[in-house]
Amino acid sequence: MSLHAKEPAGTQADAQRYAKLLDWGTRLGLIALVISFSAYLFELLPPHVPVSQLPQVWGLPAKAFLEQTQTPTGWGWLALASRGDLSNLIGIALLAGCSLPPLIALIPWYLRRRDRAYAVVCAGIALVLLLAASGTLTGGH
Amino acid sequence: MLECRSSMTDLSGLRRKWRLAMLLFAMVFCMPAMAAGSAVPGSTLPWWFWPMALFVTCFLIGIVAVPAGIGGGTLFVPIIGGFFPFHLDFVRGAGLLVALASALAAAPMLLRSGLSSLRLALPLALLASISSVAGALLGLALPASLIQTALGLIVLGIVALMLMAKKSEFPVVERPDRLSSALGIHGVFIDGASGKTIDWQVHRTPVGLVLFLAIGVMAGMFGIGAGWANVPALNLLMGVPLKVSAGTSGLVLSLVDSSAAWVYINRGAVLPMVAVPSVVGMMLGARIGARLLHVLKGAVIRKMVITLLLFAGIRALLKGLGVWV
């Protein structure tokens, strides 16, 4: 079974579709990151941990840092997303999650072409990403 | 003839720019190294020095990492972990995000140009994503000195691998295996350096899948991405042309590192002041690196990356063992 004719990989429709959605997701994440980090640096949003105090805590292990700065784990940062430093996690979450839309978009695309194996592979990766993000696998909650 | 001369001039111009970039890299790389002695609480350096040095260092790492096909995290973790004052937990968290950002920045362009194969990447990424989550959980549970020592050994192992392993620009695959045939994993790409159109297919896919399970664990545990292992596995084991291996490796990394990065985010091991300057610098650098992938010779890229990794690996090992803290 050969689902793709021998053509340059970049001209394949699935790759094009995936690339387009991934590109947009990446740009969105990067823009969010730049805006939130600028707001953080120029103190437009008050930080959870003042920047001047960071050198005293950025050498600590993550667990000790969280205890000392009373920063929540898991998705707890969302409640504090108006703080300059934690607002950056919005852009970081967008970047870590921007592969999801192209993967999900490819599932019906592959199913329509009776390429069930690749629909299952895409669904599998999307599931791993969702479970990791939810904190179910990672004990973040 | 004129076209040939023009392309030669373009190429030598690019090489000059490349050498200049490497010189800048060396200068910036030395800056935090020299300052490392005062990178302890009570340092006389202002707080903003470190994020700024991070940004410039990552921009240059981004340029180097994509054409080398090793992922930005492979260079980032030993260099930043060795010469910057941040705890290794935050460096690994940022390292995964850096590797992810580098891969995300390059993946759309590589997919469109045919240097990255979606059909090859997806099955490998499924297994590696699962194991990368396990690796990240394990990495955050182990002591930092143990991780630092193991990181140094792995980085030196990567150097040995790069020095000893033969690379094949266009491996010959006589017959594809059954699994790759069933999945339709094959393709054609046009090599920008030689102008040749290359047909490729793969073999030993089941072994490749098992290998990517192990690669995922290391990527998650050390936060170093896994391009250094992806490229030889794809090129030498599965018979994928070198440039397609490098391009596809980036796509696999974008999925594997996303899964592992969530573990670090959920465990609070992502510090924006470390992660954001690194990510932004790497993404900007990676866009330039992806453009250079078409025109640079593999041997030139390898030599520069081996030198950088050797230095960073020795530093990580000595720091982990408490010899050079």
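In the block above lies the structure referred to throughout.
Scoring rules and cut-offs
Residues numbered from 1 in each chain as written. Chains lettered and ligands numbered in written order. Predicted model: local features only at pLDDT ≥ 70, side-chain atom pairs only at ≥ 80, totals over all residues. Helix = DSSP H or I, 4+ residues; strand = E, 2+ residues; numbered from the N terminus. Buried ≥ 20, exposed ≤ 12 C-beta atoms within 10 Å, placed from the backbone. Contact = placed C-beta atoms within 7 Å. Nonpolar A, V, L, I, M, F, W, Y, C, P; charged D, E, K, R; others polar. Pairing = 2+ DSSP bridges. Expected span 1.5 Å × (residues − 1). Arc of directions from axis to C-beta. Bend = angle between axes of the 7 residues up to and from the residue. Axes fitted to C-alpha atoms, helices over the stretch in contact; angles between N-to-C directions. Parallel < 35°, antiparallel > 145°, perpendicular 65-115°, else oblique. Left-handed = near helix turned anticlockwise from the far one by under 90°.

## Some thoughts on the overall build of chain A
Argument step 1. Each helix and strand in chain A was counted, giving six helices and zero strands.
Argument step 2. Of the regular secondary structure in chain A, the N- to C-terminal order runs α-α-α-α-α-α.
Argument step 3. For chain A, the proportion of its 141 residues judged to be buried stands at 40%.
Argument step 4. Taking all contacts inside chain A whose residues are at least 6 apart in sequence as the whole, residues at least 24 apart take part in 66%.

## Comments concerning the interface of chain B and chain A
Argument step 1. Listed as interface residues are 62 residues of chain B and, on the opposing side, 60 residues of chain A.
Argument step 2. Elements supplying a minimum of two residues to the side of chain B that touches chain A: α4 (88–113), α5 (118–141), α7 (178–183), β1 (186–190), α10 (242–266) and α11 (272–292) of chain B.
Argument step 3. No other element matches the 12 residues that α4(B) contributes to the side of chain B that touches chain A.
Argument step 4. Split by residue class, the side of chain B that touches chain A holds 43 nonpolar, 14 polar and five charged.

## Side note on the pairing of strand β2 (residues 197–201) of chain B
On any regular strand, side chains alternate: one points to one face of the sheet, the next to the other face.
Argument step 1. Relative to β2(B), β1(B) runs antiparallel, the two being bridged by five bridges. Counted as the bridge partner of F189(B) is I198(B) from β2(B).

## Some details on helix α6 (residues 116–134) of chain A
Residue and element names in this part refer to chain A.
Argument step 1. Spanning 19 residues, α6 covers 26 Å between terminal C-alpha atoms, matching the ideal 27 Å at 1.5 Å per step.
Argument step 2. Looking only at α6, the buried set comprises Y118, V121, C122, I125, A126, V128, L129, A132 and A133. The arc enclosing the buried residues of α6, seen along the axis, measures out at 155°, which places them on a common side.
Argument step 3. Among the residues trailing α6, G135 stands out with phi positive, at a value near 90°.

## Some thoughts on α5(B)
Argument step 1. For α5(B), built from 24 residues, the straight-helix expectation of 34 Å at 1.5 Å per residue is met to within 8% by its first-to-last C-alpha distance of 34 Å.
Argument step 2. Taking the largest bend as the criterion, α5(B) deviates by roughly 30°, centred on A125(B).

## Regarding the packing of helix α1 (residues 13–41) of chain A against α4(B)
Argument step 1. Remark: α1(A) packs on α4(B), axes separated minimally by 9 Å, with the N-to-C direction vectors making an angle of 155°. Judged by the inter-axis angle, α1(A) sits roughly antiparallel to α4(B). Here α1(A) and α4(B) pass one another in a crossing that is left-handed. For the pair formed by α1(A) and α4(B), the contact residues are A15(A), Q16(A), Y18(A), A19(A), L22(A), D23(A) and T26(A) on the first element and L104(B), A105(B), A107(B), P108(B), L111(B) and R112(B) on the second.
Argument step 2. When the residues that make up the contact of α1(A) with α4(B) are grouped by side-chain class, the tally is nine nonpolar, two polar and two charged.

## Some points on the environment of L309(B)
Argument step 1. With respect to the helices and strands, the residue L309(B) is situated in helix α12 (residues 298–320).
Argument step 2. When sequence neighbours within four positions are dropped, the list of residues in contact with L309(B) reads L75(B), V155(B), I158(B) and V159(B).

## Some words on unusual backbone geometry
Argument step 1. Despite not being glycine, Q70(A) shows a phi value in the positive range, around 55°.
Argument step 2. Looking at the secondary structure, you find Q70(A) in the loop between α3 (62–69) and α4 (84–97).
Argument step 3. We classify Q70(A) as exposed; it has 9 C-beta atoms within 10 Å.
Argument step 4. Its identity is not glycine, yet R204(B) carries a phi of approximately 55°, on the positive side.
Argument step 5. As for its position among the elements, R204(B) is in the loop between β2 and α8 (205–222).
Argument step 6. For R204(B), a count of 18 C-beta atoms within 10 Å corresponds to the partly exposed category.

## With respect to the environment of P85(B)
Residues and elements named next belong to chain B.
Argument step 1. Mapped onto the secondary structure, P85 falls in the loop between α3 (72–83) and α4.
Argument step 2. Exposure remark for P85: the 18 C-beta atoms within 10 Å place this residue in the partly exposed category.
Argument step 3. With 35 residues separating them in the primary sequence, P85 and W50 have C-alpha atoms 8.3 Å apart.

Remember, this is a structural readout, not a statement about activity or role.
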